[in-house]
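Observations on the model geometry
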Amino acid sequence: MDAEALAGALRALGMLYGASQPLAKTIARAKTEAEAIRMYIERERPHLLSSYDLDALVKMVQAAREEKTDAKAAMEQYSPSDKPPAKRPS
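Residues numbered from 1 in each chain as written. Predicted model: local features only at pLDDT ≥ 70, side-chain atom pairs only at ≥ 80, totals over all residues. Heavy atoms only, no water.

Packing of helix α1 (residues 3-12) against helix α4 (residues 54-66) brings their axes to within 8 Å, and their N-to-C directions diverge by 110 degrees. The orientation of α1 with respect to α4, classified from their angle, is roughly perpendicular. When you trace α1 past α4, the crossing you get is right-handed. Contacts between α1 and α4 involve A5, L6, A9 and L10 on the former and, on the latter, V61, A64 and R65. Grouping the constituent residues of the contact of α1 with α4 by class yields 6 nonpolar, no polar and 1 charged. (Axes fitted to C-alpha atoms, helices over the stretch in contact; angles between N-to-C directions. Helix = DSSP H or I, 4+ residues; strand = E, 2+ residues; numbered from the N terminus. Parallel < 35°, antiparallel > 145°, perpendicular 65-115°, else oblique. Left-handed = near helix turned anticlockwise from the far one by under 90°. Contact = heavy atoms within 4.5 Å. Nonpolar A, V, L, I, M, F, W, Y, C, P; charged D, E, K, R; others polar.)

Structural data, given as structure tokens:
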């Protein structure tokens, strides 16, 4: 299982931001990719399960991974604790 590719797919879908622990730790005991995705969603995004079927979410993440989708410049990488840009001298 490629945790980096899985992270890219989750990031592209806006599902990686704000995780309580590193993805690799969350999915460490998973035997398959589908199980890893289920574990992640159940732990980090349980609110999605009130609107979406877990298997549908797993398939969506797998499709994003297969497409090698990533959103490296996505807004999810913004953190309110980030320092504002330095002021330029006038």
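Checked against the element boundaries, Q21 lands in the loop between α1 and α2 (23-26). In this structure Q21 comes out as buried when scored by relative accessible area, which is 18%. Only 3.1 Å separates the side chain of Q21 from the side chain of T26, close enough to count as a polar contact. Those residues in contact with Q21 that sit more than four places away from it in its chain are T26, R43 and E44. (Buried < 20%, exposed > 50% of the residue type's maximum accessible area, 1.4 Å probe, protein only. Polar contact = N/O pair within 3.5 Å; in protein donor to acceptor, adjacent residues only side chain to side chain.)

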